[in-house]
Amino acid sequence: MRSSFHSLRAGMVGLGMIFDETYRPFFEQAHAEGIFSNKFGICRVSLAAVASRTGSRAEAYRKAAGDKIAKFASFKEPDSIGQLLKSGVDFVCVATPDDRHFYAAKAAILAGKHVLIEKPSVLTLQELDELAALAIKHNVLAKVVYHKLLDPDHKKLHTLVADGELQHVNTGYCTLLEPKSIATGQFAEWIAGRNPGTYVAVHYIKLIDFTFGGRLVSVACTGQRGIVGSPAGDTWDSTQLRLIYEYADQRQAAFDIHTSWVTPDNFPGYVDQEVQFRFDNGVWNCHSRKRGVECTVEGRTPLTRKINMNNHYNGTFLEPWGERSQRGYGVEVLERFVREVATVQFGGPESERPERLAAARRLSYNDLSADRQTVAAVQAMEAILARHAAGTANCLVEIDHPKGGLVLLPPGKAEAEVLYVGRVNERVE
Ligand SMILES: NC(=O)c1ccc[n+]([C@@H]2O[C@H](COP(=O)([O-])OP(=O)(O)OC[C@H]3O[C@@H](n4cnc5c(N)ncnc54)[C@H](O)[C@@H]3O)[C@@H](O)[C@H]2O)c1
């Protein structure tokens, strides 16, 4: 017999920029309305506990939110995650800096909690293997957020490809340029030794991998230094990544992804995002600023308000019926995950939970098991940039090479380095 409503208690690890942009509006909406489906009925969703480094953002949020959110517990370092897990949550969202995802996600899965991790899920295939195996062992979902897959323009691209209207991708280029304030302010605490490719090229790596399928063959990367860190150091201003894919008919495609986090802060949009994909029978061009609005306000644009705004991601609106809202694909992707958790937990008899869990795991847009090639590309890119910083530029990483799954090949006759031994791709051959 179904109770009149179900409930899910969320734990949030990391309360930074992405929490504020997408998780906060999701939890506030869920607090007000819950979620509903014919599969599981009414499900109340509460933000029950948060974990962060110092706890100061949690206190600021508690004050600002007022009655938009229920009471929540706040835990800070040391062992903020351990304390959060003991406080009794049903699922955990991990939005810490990306080199701290693995530790938090592993602790949550070991405690038997469903997990949602911000992109990139983890930085190595070794970590991915461990989390995926633990999720199976502990019967929980382990998923990753790539909200650009839910951008209506990218959904349309996916639809045209899936329906065979756009046939066989040949080449692509993508660019995502972030403002300098990200590198020099927002992320100053953890930016040393990092690069903008892992942070944002990963959106397009996933878009390409998810939309076109195929087998990742090789990864090349170069980059520039000297603004965020020293010209010879290991902190990168911008990166240019090249991925080669091969499809079942043995034809190949090349994709170039350019990213930076040093765009001047007076740029007309918050970020610059553009893609072009060329097919046997067509071309897809998409520019996120040029698809939309251009608005000038004396004394405000382009600093306190941007000239080009992305009203699709997490825009704030006065709805025609008078309510204020914050909505868009960045929020929708979180609600989708919570619906998947609610369906697994409450979407039928307990005896059929394993089938529901298996069905949720087959969703390749967000399951960790489907993130192999994306993580492989990130691991390869990071290894190539590390070698570059250490004095050897222009290394290439080959995937599923005779020597191993990820093999770094320096130029000339230097010895190959095996970054990952097992096979990366189980889809083809
Ligand atoms: N999907 C997107 O477009 C998007 C955009 C921005 C960020 N992100 C991702 O979200 C993640 C966080 O980014 P952000 O911009 O919110 O970062 P941020 O630096 O603004 O915030 C990081 C948060 O993590 C907390 N934290 C750091 N170390 C911790 C630890 N050991 N234990 C507990 N909490 C800890 C900090 O206290 C802070 O609250 C990154 O993985 C990033 O790639 C995604």
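Position numbers for residues start from 1 in each chain and track the written sequence from start to end. Given that this is a predicted model, residues contribute local features only at a pLDDT of at least 70 and side-chain atom pairs are listed and counted only at 80 or more, while totals for whole chains, interfaces and linings are drawn from all residues.

## Re the site of the ligand
- With respect to spatial proximity, 26 residues lie near the ligand, and among them Gly-14, Gly-16, Met-17, Arg-53 and Glu-118 are the closest.
- Listed by contribution, the elements that provide at least two residues to the shell around the ligand are α1 (17–33), β3 (41–52) and α3 (80–86).
- Helix and strand labels come from DSSP, where a helix needs a run of H or I of at least four residues and a strand needs a run of E of at least two; each type is numbered from the N terminus. The biggest single contributor to the shell around the ligand is α1, with 3 residues.
- Lys, Arg, Asp and Glu make up the charged group, whereas Ala, Val, Leu, Ile, Met, Phe, Trp, Tyr, Cys and Pro make up the nonpolar group; the residues left over, Gly among them, are polar. The class makeup of the residues in the shell around the ligand is 12 nonpolar, 7 polar and 7 charged.
- What counts as a domain boundary in this text is fixed by an automatic or database domain assignment. Taken domain by domain, the makeup of the shell around the ligand includes at least three residues from each of domain 1 (6–147 + 321–363) and domain 2 (152–311 + 373–420). Each residue gets a C-beta atom placed from its backbone. Should that atom fall within 6 Å of a molecule or strand, the residue is termed near it.

## With respect to the environment of Ile-384
- Among the structural elements, Ile-384 can be located in helix α11 (residues 372–389).
- Note on Ile-384: 27 C-beta atoms within 10 Å, which makes it buried.
- In sequence terms Ile-384 and Leu-408 are 24 residues apart; their C-alpha atoms lie 7.6 Å from each other.
- Residue pairs qualify as contacts under a 7 Å threshold applied to their C-beta atoms, which are placed from the backbone. Dropping the residues within four chain positions of it, Ile-384 is found in contact with Cys-221, Cys-395, Val-397 and Leu-408. Three classes are used. A residue is buried when 20 or more other C-beta atoms lie within 10 Å of its own, exposed when 12 or fewer do, and partly exposed in between, with C-beta atoms placed from the backbone.

## Considerations on the packing of helix α4 (residues 101–110) against helix α5 (residues 125–137)
- Inter-axis angles, ranging from 0 to 180 degrees, are taken between N-to-C directions of lines fitted to C-alpha atoms, where helices are fitted over the stretch in contact. Remark: α4 packs on α5, axes separated minimally by 9 Å, with the N-to-C direction vectors making an angle of 15°. With respect to α5, the axis of α4 lies roughly parallel. For the pair α4 and α5, the sense of crossing is left-handed. Residues Phe-102, Ala-105, Lys-106, Ile-109 and Leu-110 of α4 form the contact with α5, whose own contacting residues are Glu-127, Glu-130, Leu-131, Leu-134 and Ala-135.
- Residues belonging to the contact of α4 with α5 are distributed by class as follows: 7 nonpolar, no polar and 3 charged. Note on terminology: angles under 35 degrees are roughly parallel, angles over 145 are roughly antiparallel, angles of 65 to 115 are roughly perpendicular, and the others are oblique. Each crossing gets its handedness from the near helix: less than a right angle anticlockwise from the far helix is left-handed, clockwise is right-handed.

## Notes on the sheet that holds strand β8 (residues 169–179)
- Should DSSP find at least two bridges between two strands, the strands are regarded as paired. Read across the open sheet, the 9 strands follow the order β13-β12-β8-β11-β10-β9-β16-β17-β18; overall the sheet is mixed. Across the chains shown, the open sheet's two edge strands, defined by having one partner strand only, are β13 (282–287) and β18 (417–420). Here the average twist between neighbouring strands, direction ignored, is 15°.
- In this sheet, strand β10 (residues 238–246) lies alongside strand β9 (residues 215–224) in antiparallel orientation, the contact comprising 9 bridges. In the strand pairing of β10, Thr-222 is matched with Gln-240.
- Contacting β9, β10, β16 (396–401), β17 (404–409) and β18, α11 runs over the sheet at an angle of about 35° to β9.

## Some details on the pairing of β9
- Pairing geometry for β9 and β16, over 3 bridges, is antiparallel. Bridge pairing in β16 links Ala-220 to Leu-396.

## Focus: the environment of Glu-59
- With respect to the helices, strands and loops of the structure, Glu-59 is situated in helix α2 (residues 56–65).
- The exposure class of Glu-59 is partly exposed, given the 13 C-beta atoms found within 10 Å.
- The spatial distance from the C-alpha of Glu-59 to the C-alpha of Asn-311 is 29 Å, given a sequence separation of 252 residues.

## Examining the domain arrangement of the chain
- Domain annotation of the chain identifies domain 1 (6–147 + 321–363) and domain 2 (152–311 + 373–420).
- With centres defined by C-alpha atoms, the gap from domain 1 to domain 2 works out at 26 Å.
- Of the residues lining the interface, 13 residues belong to domain 1; the matching set on domain 2 comes to 15 residues.
- The element that contributes the greatest number of residues to the side of domain 1 that touches domain 2 is α5, accounting for 3 residues.
- Among the residues making up the side of domain 1 that touches domain 2, the classes are represented as 8 nonpolar, 3 polar and 2 charged.

## What about the environment of Gly-214?
- Tracing the sequence through the fold places Gly-214 in the loop between α8 (196–212) and β9.
- When the 21 C-beta atoms within 10 Å are taken as the criterion, Gly-214 is described as buried.
- Sequence separation of Gly-214 and Val-407 is 193 residues, and the distance between their C-alpha atoms is 19 Å.
- Beyond its immediate chain neighbours, meaning those up to four positions away, Gly-214 contacts Tyr-245, Glu-246 and Tyr-247.

## Thoughts on α5
- By this rule the span expected of a helix is its residue count minus one, scaled by 1.5 Å. With 13 residues, α5 should reach 18 Å at 1.5 Å per residue; the first-to-last C-alpha distance of 18 Å fits that figure.
- Taken together, the buried positions of α5 are occupied by Leu-125, Leu-128, Leu-131, Ala-132 and Ala-135. Projected onto a plane normal to the axis of α5, the buried residues spread over an arc of 125° and lie on a single side.
- Phi turns positive one or two residues past the end of α5, at Asn-139, with a value near 55°. It is the directions from the helix axis to the C-beta atoms that the arc portrays.

## Considerations on unusual backbone geometry
- Backbone torsion omega between Lys-119 and Pro-120 reads -15°, so that peptide bond is classified as cis.
- Turning to its location among the elements, Pro-120 is positioned in the loop between β6 (114–118) and α5.
- Of note, Asn-394 is a non-glycine position whose phi angle comes to about 65°, a positive value.
- As for its position among the elements, Asn-394 is in the loop between α11 and β16.

## Comments concerning the pairing of β6
- Counting buried positions over the 5 residues of β6 gives 5, a clear majority of the element.
- Residues of β6 alternate between two faces, with His-114, Leu-116 and Glu-118 on one and Val-115 and Ile-117 on the opposite face, all of them buried.
- Think of it like this: strands point away, you trace from the first strand over the helix to the second, and a clockwise trace means the crossover is right-handed. Each parallel crossover has a hand, and for strand β5 (residues 91–94) linked through α4 to β6 it is right-handed.
- By the bridge criterion, 4 bridges tie β6 to strand β7 (residues 142–145) in an arrangement that is parallel. Across the sheet, the residue bridging to Val-115 is Ala-142, located in β7.
- Read as a crossover between parallel neighbours, the route from β6 over α5 to β7 is right-handed.

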